[in-house]
Every structure is written in C-alpha cells, then in structure tokens.
Amino acid sequence: MTNLEKYKNAFVTGLELPIEKVVSGLKYQSIENWDSVGHMALIAELEDAFDIMFETEDIIEFSSYEKGIEILKNYEIEI
C-alpha cells in the first residue's frame, strides 16, 4: 500500500467517509464528520498508519487534506 493510499484510508476510517469524498480541498469543519471528535479519530488513524506520534502543535495545525500532507513531511513521510 502506498503512502497516499494509507493517507486516504485514514480519512475513510477516521471520518467515516466514502473514498470518493477524500479529495484536495477537504477542510476541518467543512463537513459534518470532521468535527473535533472526528479530528482526533483521524489523527489516531494517521498515527497508526504511519507509526508516528504527532506533536500537539501539528494536531492543531492539521486543518485540511493538503495541510496534512505538508505536516507529514515533518515526520519524513512523503505522500
């Protein structure tokens, strides 16, 4: 499984979204499922998928699909 597939699957599982809804432009609180509870579920899925622990600042700054890709680069994960 590629890193992109892992990334998208974390959104599918963490936010309970169909895969076709996981696209560029997706933002925190732009959909009902990505509220504060969904956000923490998404973070947990990403930490499991990539075997990392996000810093608190990164969890707070993870505000969109694109920003998540940028943040993962800090953990040496290329999407």
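In case you missed it, the structure is sitting above this.
A quick note: this is a predicted structure, and the numbers were derived from the prediction, not measured.

Here is what the cut-offs are and how they apply
Residues numbered from 1 in each chain as written. Predicted model: local features only at pLDDT ≥ 70, side-chain atom pairs only at ≥ 80, totals over all residues. Heavy atoms only, no water. Buried < 20%, exposed > 50% of the residue type's maximum accessible area, 1.4 Å probe, protein only. Helix = DSSP H or I, 4+ residues; strand = E, 2+ residues; numbered from the N terminus. Arc of directions from axis to C-beta. Contact = heavy atoms within 4.5 Å. Phe/Tyr/Trp six-rings, centres within 6.5 Å; stacked < 30°, edge-to-face > 60°. Core = buried A, V, L, I, M, F, W, Y, C linked by side-chain atoms within 4.5 Å. Salt bridge = Lys/Arg side-chain N within 4 Å of Asp/Glu carboxyl O.

Description of helix α4 (residues 65–73)
For α4, the complete set of buried residues consists of Y65, G68, I69, I71 and L72. The buried residues of α4 all sit within an arc of 165° when viewed along its axis, so they share a single face. Buried residues belonging to α4 abut α1 (3–14), α2 (36–50) and α3 (56–61).

Let's talk about the packing of aromatic side chains
Counted under the stated rule, the structure contains nine aromatic pairs. Ring centres 5.4 Å apart and planes at 80° place the aromatic pair F54 and Y75 in the edge-to-face group. Taken together, the residues span a long stretch of sequence, with F54 in the loop between α2 and α3 and Y75 in the segment after α4 at a distance of 21 residues. With relative accessibility at 7%, the residue F54 sits in the buried group. Grouping aromatic residues by their ring pairs yields a cluster made of Y7, F11, Y28, W34, F54, F62, Y65 and Y75.

Remarks on the nonpolar core
If you look at the biggest cluster of nonpolar residues, it comprises 22 residues, and the most contacted ones within it are Y7, F11, L42, L46, F54 and F62. Those elements giving two or more residues to this core turn out to be α1, α2 and α4. Contact partners of L42, with chain neighbours within four places excluded, come to A10, F11, G14, L15, W34 and F62.

Side note on unusual backbone geometry
Positive phi, close to 50°, is recorded for E16, a residue that is not glycine. Inspection of the secondary structure assignment puts E16 in the loop between α1 and α2. By relative accessible area, E16 is classed as exposed at 66%. The phi dihedral of D51 falls on the positive side, at around 55°, and the residue is not glycine. When you line up the elements, D51 lands in the loop between α2 and α3. Taking the relative accessible area as the measure of exposure, D51 reaches 73% and is therefore exposed.

Let's talk about the pattern of salt bridges
Throughout the structure, instances matching the rule amount to one salt bridge. One salt bridge in this structure joins K67 and E70, with 3.1 Å as the shortest N-O distance. In this pair, K67 and E70 are both assigned in helix α4, three residues apart and thus about one turn of the helix distant. Using a relative accessible area of 23% as the deciding quantity, one classes K67 as partly exposed. By relative accessible area, E70 is classed as partly exposed at 46%.

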